[in-house]
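Topology and contacts: notes
Chain residues, written in single-letter form:
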Amino acid sequence: MSADAVQVRDGSQVAEARRRALAATAQLGFDATLAGQVALVVTELATNLLKHGHGGEVLLMRGERRLDVLALDAGPGMR
């Protein structure tokens, strides 16, 4: 499995996460509909990291025929 980490500390990095997700879907041969859905999910996750999690990172992990997406925030957590 190959992994790609995108730091999300400002709005430009949200776009970078989306671009890298789309590149991963292209490498995996996803159709345009599925690639668009993945891009939307990654954009939402990265935006939420900024809005609610004090930044963080998006991990894109490519398997043989799948893409796992993990968003890790840098926030203080819940009390």
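Here the structure is shown first, and the text comes after it.
Residues numbered from 1 in each chain as written. Predicted model: local features only at pLDDT ≥ 70, side-chain atom pairs only at ≥ 80, totals over all residues. Heavy atoms only, no water.

1. Here we look at the pattern of salt bridges
For clarity, the threshold we go by: When a carboxyl oxygen of Asp or Glu lies within 4 Å of a side-chain nitrogen of Lys or Arg, that pair is called a salt bridge. Numbering of helices and strands runs from the N terminus; a helix is a DSSP stretch of H or I covering at least four residues, while a strand is a stretch of E covering at least two. Burial status follows relative accessibility: with a 1.4 Å probe on protein chains alone, a residue under 20% of its type maximum counts as buried, one over 50% as exposed, and anything between as partly exposed.
Applying the stated rule across the entire model yields four salt bridges. One salt bridge connects D4 with R20, and the closest N-O pair in it is separated by 2.8 Å. Of the two residues, D4 is situated in strand β1 (residues 2-8) and R20 in helix α1 (residues 11-28); the sequence distance between them amounts to 16 residues. Classification of D4 by relative accessible area gives partly exposed; the value is 21%. Among the residues examined, R20 registers a relative accessible area of 27% and is labelled partly exposed. One salt bridge in this structure joins E16 and R19, with 3.0 Å as the shortest N-O distance. One end of the pair is E16 and the other is R19, both in helix α1 and three residues apart, which spans about a single turn. Judged by its relative accessible area of 48%, R19 falls in the partly exposed class.

2. Comments concerning the sheet that holds strand β3 (residues 67-73)
Counted only if it meets this: Two strands pair if DSSP finds at least two bridges between them. Axis angles are defined between N-to-C directions and span 0 to 180 degrees, where every axis is a line fitted to C-alpha atoms and, for a helix, only to the segment in contact. The contact definition used throughout considers only heavy atoms, calling two residues in contact when any of these lie within 4.5 Å.
Spatially, β1-β2-β3 is the arrangement adopted by the three strands of the open sheet, whose pairing is antiparallel. Each of the sheet's edge strands pairs with one partner strand only, and the pair in question is β1 and β3. When strand polarity is set aside, the average angle formed by the axes of neighbouring strands in this sheet is 15°. Alignment of strand β2 (residues 56-62) against β3, held across seven bridges, turns out to be antiparallel. Directly across from M61, in β3, lies its bridge partner D68. Seen against the sheet, α1 touches β1, β2 and β3 and runs at an angle of roughly 165° to β1.

3. Some remarks on the environment of A17
Positionally, A17 belongs in helix α1. As a C-alpha pair, A17 and H52 span 35 residues in sequence and 17 Å in three-dimensional space. In contact with A17, other than residues within four places in its own chain, are V6, V42, A46 and L60.

4. Topic: the side chain of R62
Cut-off, in case you're wondering: His is not counted, nor are the chain ends; Lys and Arg add positive charge and Asp and Glu add negative charge.
Secondary-structure assignment places R62 in strand β2. Buried charged residue R62 carries no salt bridge. Nearest counter-charge: D4, at 5.1 Å. When sequence neighbours within four positions are dropped, the list of residues in contact with R62 reads M1, S2, A24, Q27, L28 and L67.

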